[in-house]
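Summary of structural features
Here are the chains, one letter per residue:
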Amino acid sequence: MSKIVAGQAGGLPLKAVPGSSTRPTTERAKEAIFSWLQSRDWLDNNAVLDLYTGSGGLAVEAASRGAASVTGVEAARKPAQIAEHNAQIINEALNRDVVTIKQLPVQRFLGATEPSSWDLVIADPPYDIDEDELLAMIAQAFHVLMDDGLFVLETAYKSAEPIWPDDVYVVDARRYGEAMVYFVRRNGY
């Protein structure tokens, strides 16, 4: 069973998406990613966008660890319903509405979002995502990210590193089991 790892709601159980249609981030990877973010002050009072949210595990973890607002985006109906359930759990535990789930395709959501809307964007796309779709999502994610914001991408460890936009750089890249996580910012920040 999945749970919130740490923060104000640490230990609360979460509902998981049944079957193999989603690939949840492991507890070990989630702990490592959020420890990295928290130690560098990327969560407290920030607006967080979680793309391909699945069950909402990363979204609720961000909320538990102090994010001011979190939006999870998931196209598939069943995972989005489970993410909404998990969002309700964290919102009740925190006694405020922090996490919102949007059920629509990631590219459509990003295309309709104002530029510079988010401090932190986390993307955990399916490992079999088409490369062109991945690169388009990355470009759109930087469009909605604040100039001094952070983009976090989880991919399969065996996948080639994405071709990043010209004006960004990888701050850190870490392997967690079968996952590779990139922490990326714009040049000059």
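Here, the structure is the one placed above.
No experiment lies behind these values; they were computed from the predicted model shown. (Residues numbered from 1 in each chain as written. Predicted model: local features only at pLDDT ≥ 70, side-chain atom pairs only at ≥ 80, totals over all residues. Heavy atoms only, no water.)

1. A short note on helix H3 (residues 77-94)
Applicable threshold: Note on conventions: DSSP H or I runs of at least 4 residues are helices, E runs of at least 2 residues are strands, and numbering of each starts at the N terminus. Expected helix span is given by 1.5 Å per residue-to-residue step, counting one fewer step than there are residues. When accessible area is computed with a 1.4 Å probe and restricted to protein chains, residues below 20% of their type maximum are described as buried, those above 50% as exposed, and intermediate ones as partly exposed. Contacts are assigned to residue pairs that have any heavy atoms within 4.5 Å of one another.
Under the 1.5 Å per step criterion, the end-to-end length of H3 is 26 Å for 18 residues, consistent within 8% with the ideal 26 Å. Taken residue by residue, H3 has Pro-79, Ala-80, Ile-82, Ala-83, Asn-86, Ala-87, Ile-90, Asn-91 and Leu-94 as its buried positions. The inward-facing, buried residues of H3 abut strand E2 (13-14), helix H2 (57-64) and strand E5 (99-102).

2. Points about unusual backbone geometry
We note that Asn-45 has phi near 60°; this positive angle belongs to a residue other than glycine. Looking at the secondary structure, you find Asn-45 in the loop between helix H1 (27-39) and strand E3 (47-51). Of note in the backbone geometry, Asn-95 takes a positive phi value of approximately 60° without being a glycine. Relative to the elements of secondary structure, Asn-95 occurs in the loop between H3 and E5. The class of Asn-95 is exposed, set by a relative accessible area of 72%.

3. With respect to the side chain of Glu-61
Note that Glu-61 resides in helix H2. Among the residues examined, Glu-61 registers a relative accessible area of 0% and is labelled buried. Not counting residues up to four positions away in its chain, the partners in contact with Glu-61 are Lys-3, Ile-4, Val-5, Ala-6, Lys-30 and Phe-34.

4. Some remarks on the pattern of salt bridges
We apply this condition: Salt bridge criterion: a side-chain nitrogen from Lys or Arg within 4 Å of a carboxyl oxygen from Asp or Glu.
Counted according to the given criterion, the structure contains five salt bridges. In this structure, Arg-65 engages Glu-31 in a salt bridge whose closest nitrogen and oxygen atoms are separated by 2.8 Å. In this pair, Arg-65 is assigned in the loop between H2 and strand E4 (69-73) and Glu-31 in helix H1, connecting sequence segments 34 residues apart. Arg-186 is the salt-bridge partner of Asp-147, the closest N and O atoms lying 3.9 Å from each other. Residue Asp-147 is located in strand E7 (residues 145-156), and its partner Arg-186 is located in strand E9 (residues 179-186); the two are separated by 39 residues in the primary sequence. Accessibility expressed as a relative area gives 42% for Asp-147, which makes it partly exposed. Three or more residues are tied together by salt bridges with common partners; here these are Glu-31, Glu-61 and Arg-65.

5. Overview of the pairing of E4
Just so we agree on the cut-off: We call two strands paired when DSSP finds no fewer than two bridges between them.
Of all five residues making up E4, four are buried, and the element is well covered by its neighbours. Two strands pair when backbone bridges link them, and E4 and E5 are joined in this way by four bridges, in the parallel orientation. Within E5, the residue paired with Thr-71 across the bridge is Thr-100.

6. Looking at the nonpolar core
Inclusion rule: By nonpolar core we mean a set of buried residues, namely Ala, Val, Leu, Ile, Met, Phe, Trp, Tyr and Cys, connected to one another through side-chain atoms within 4.5 Å.
Core analysis: the biggest nonpolar cluster contains 32 residues, and Leu-37, Val-70 and Val-99 have the highest contact counts within it. The set of elements that each furnish at least two residues to this core consists of H1, H2, H3, E5, strand E6 (118-123), E7 and E9. Each residue touching Val-70, except ones within four places of it in the same chain, is listed here: Val-48, Ala-59, Ala-62, Ala-63, Val-98, Val-99 and Thr-100. The next biggest cluster of nonpolar side chains, apart from the first, holds 27 residues, and it includes Val-73, Trp-164, Tyr-182 and Val-184.

7. What to know about helix H5 (residues 131-144)
Our working rule: Along the arc lie the directions from the helix axis toward the C-beta atoms. Polar contacts here mean pairs of N or O atoms no more than 3.5 Å apart (in protein, one a potential hydrogen donor and the other a potential acceptor; neighbouring residues in sequence count only if both atoms are side-chain atoms).
For H5, spanning 14 residues, the distance from its first C-alpha to its last is 20 Å, which sits close to the expected 20 Å at 1.5 Å a residue. Here H5 has its buried residues at Leu-134, Met-137, Ile-138, Ala-141, Phe-142 and Val-144. All buried residues of H5 project into a common sector of 160° when viewed along the axis, lining one side. At its buried positions, H5 is contacted by E3, helix H4 (106-111), E6, E7, strand E8 (168-176) and E9. Its side-chain oxygen at 3.0 Å from the backbone nitrogen of Asp-132, Asp-130 defines the N-terminal cap of H5.

Without other data, these values stay purely geometric and don't point to any function.
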